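# Per-entry structural report
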Amino acid sequence: MDLINVIQERRSVRAFKPDPVPRQTIEEILRLAIHAPSAINLQPCEFTAVMGEERERLSRRLIKAYREKQISCGPGNVKPLPKTVGKRGAKTLLMMNPFFKEMGVDSSKFINEGSCNFYGAPVAVILCLDDSFSKGGLVDIGITLGYFVLAAHALGLGTCPIGLITAYGDEIKEELNIPENKDVVVGIAVGYPDTGSPINRFRSPRDEMEKVTRWIE
Ligand SMILES: Cc1cc2nc3c(=O)[nH]c(=O)nc-3n(C[C@H](O)[C@H](O)[C@H](O)COP(=O)(O)O)c2cc1C
């Protein structure tokens, strides 16, 4: 599949078929994702791929932690966001509402508990960074995430990055035996998209390139 098509077509998938994904397919995606560039080629991204009953157990733990702590999906900003940026998030949520209505679900429950459940995907991949890194290491993880979701799409799989779970990093580390000195940066739900689910018809908007670019010539 042409890279430009992959970039244009990929969308976050929030409903998956229960069909298992062969481990070889996940291995293929990971082999592609590790082609991502990284500063000084340090390749800091550490993956944990979770499938089967272990994936179910992880979700049960995360949903329990979410119900206890009530930390929801949010940008996690340290200062108030610029107005233009905040508006984009609000607009996206507003545009999702008709799909939630069609499905008869509560939007907050769908997104927050859905994220903790990796939206029912049969595979969850957790991306970690050693805590010796500065914030710069997060750039490398972000690029790897980008490669991962595009590679998965090219191989016919759907993905959704799951940042919410970082609020429950301790629970994840305990459940998956991830050492204390690793930071959970992001998760990825991976599986075959449920094309019949209304939420998978949702297309998130983008501001025009001209709006987000300054030219200095
Ligand atoms: C770092 C990161 C964290 C994200 N966390 C979540 C999440 O916890 N739950 C969720 O439903 N979507 C999550 N998303 C998906 C975004 O909402 C989505 O990428 C955005 O709305 C743009 O839509 P698109 O991926 O369909 O193009 C995350 C995306 C990124 C890049």
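These lines cover the structure that appears in this document, whether it is placed above or below. Everything quoted here is computed from the prediction, not taken from an experiment.

## Overview of the site of the ligand
- Near the ligand there are 14 residues, and of these S12, Y119, G163, S204 and R206 occur at the shortest range.
- Residue P161 places a main-chain N or O atom 3.2 Å away from a nitrogen atom belonging to the ligand.
- L164 has a polar backbone atom sitting 3.1 Å from an oxygen atom of the ligand.
- For the ligand, the protein covers 70% of the area, taking 620 Å² as the surface of the free molecule.
- Cavity membership is defined here by more than half of the atoms lying within 2 Å of grid points; on that basis the ligand lies in the largest pocket.
- The dominant element in the shell around the ligand, judged by the number of residues it contributes, is strand β3 (residues 158-162), at three residues.
- For the shell around the ligand, a count of residues per class yields six nonpolar, four polar and four charged.

## Brief notes about the packing of aromatic side chains
- Within the structure shown, the criterion is met by three aromatic pairs.
- Ring geometry for F100 versus F110: centroids 5.4 Å apart, planes at 55°, classification tilted. Taken together, the residues F100 in helix α4 (residues 83-103) and F110 in helix α5 (residues 107-116) connect sequence positions 10 residues apart. Across the pair, exposure class does not vary: F100 and F110 are buried alike.

## Structural notes on helix α3 (residues 52-69)
- Look at α3: 26 Å from first C-alpha to last across 18 residues, which is about the 26 Å you get at 1.5 Å a residue.
- Buried within α3 are the following residues: R55, L58, S59, L62, I63, A65 and Y66. Along the axis of α3, the buried residues cluster in a sector spanning 160°; they form a single face. In α3, those exposed residues whose orientation departs by more than 90 degrees from the buried face are K64 and E68.
- Residues of α3 that are buried sit in contact with β1 (46-51), α5, β2 (123-130) and α7 (169-176).

## A look at the layout of surface pockets
- Of the pockets and cavities examined, the largest pocket occupies roughly 1,500 Å³.
- Surrounding the largest pocket, 42 residues form its lining, R14, C73, G74, G89 and T92 being those nearest its centre.
- Those elements giving two or more residues to the lining of the largest pocket turn out to be α4, α5 and β3.
- Tallying contributions element by element places α4 first for the lining of the largest pocket, with 10 residues.
- When the residues that make up the lining of the largest pocket are grouped by side-chain class, the tally is 19 nonpolar, 15 polar and eight charged.
- Of the voids in this model, the second largest pocket is the one considered here, and its volume is about 240 Å³.
- Lining of the second largest pocket is provided by 17 residues; of these, R11, V13, P193, N200 and R203 occupy positions nearest its centre.

## Some words on the packing of α3 against α7
- Viewed as axis vectors pointing N to C, α3 and α7 meet at an angle of 155°, and their least axial separation amounts to 10 Å. Between α3 and α7, the angle falls in the class roughly antiparallel. When the axes of α3 and α7 are compared, the crossing they make is right-handed. In contact with R57, L58, R61, L62, A65 and K69 of α3, α7 contributes E171, I172, E174, E175 and L176.

## Some thoughts on the state of the cysteines
- All chains considered together, the criterion is met by zero disulfides.
- Not engaged in a disulfide, the cysteine C45 finds its nearest cysteine sulfur in C128; these two sulfurs lie 8.2 Å apart.
- You can see C116 has no disulfide; the closest cysteine sulfur is in C73, sitting 7.9 Å from it.
- Judged by relative accessible area, which is 0%, C116 ranks as buried.

## Thoughts on a positive patch on the surface
- A cluster of basic residues, K83, K87, K91 and K211, forms a positive patch at the surface.
- Tallying contributions element by element places α4 first for the positive patch, with three residues.
- One can find K87 in helix α4.
- Residue K87 is classed as exposed on the basis of its relative accessible area of 59%.

About the criteria used
Residues numbered from 1 in each chain as written. Predicted model: local features only at pLDDT ≥ 70, side-chain atom pairs only at ≥ 80, totals over all residues. Heavy atoms only, no water. Near = heavy atom within 4 Å. Polar contact = N/O pair within 3.5 Å; in protein donor to acceptor, adjacent residues only side chain to side chain. Areas by Shrake-Rupley, 256 points an atom, 1.4 Å probe, with all protein chains shown as cover. 1 Å grid on protein atoms, 1.4 Å probe; cavity = no way out; pocket = protein on both sides within 12 Å on 5 of 7 lines; lining within 4 Å. Sits in = over half its atoms within 2 Å of the grid points. Helix = DSSP H or I, 4+ residues; strand = E, 2+ residues; numbered from the N terminus. Nonpolar A, V, L, I, M, F, W, Y, C, P; charged D, E, K, R; others polar. Phe/Tyr/Trp six-rings, centres within 6.5 Å; stacked < 30°, edge-to-face > 60°. Buried < 20%, exposed > 50% of the residue type's maximum accessible area, 1.4 Å probe, protein only. Expected span 1.5 Å × (residues − 1). Arc of directions from axis to C-beta. Contact = heavy atoms within 4.5 Å. Points joined across faces, edges and corners; volume = space filled by probe spheres on them. Axes fitted to C-alpha atoms, helices over the stretch in contact; angles between N-to-C directions. Parallel < 35°, antiparallel > 145°, perpendicular 65-115°, else oblique. Left-handed = near helix turned anticlockwise from the far one by under 90°. Disulfide = S-S within 2.5 Å. Patch = residues over 30% accessible without salt bridge, like charges linked within 9 Å, V, L, I, M, F, W, Y side chains within 5 Å. Salt bridge = Lys/Arg side-chain N within 4 Å of Asp/Glu carboxyl O. Lys, Arg positive; Asp, Glu negative; His and termini not counted. Charge placed at Lys NZ, Arg CZ, Asp CG, Glu CD.

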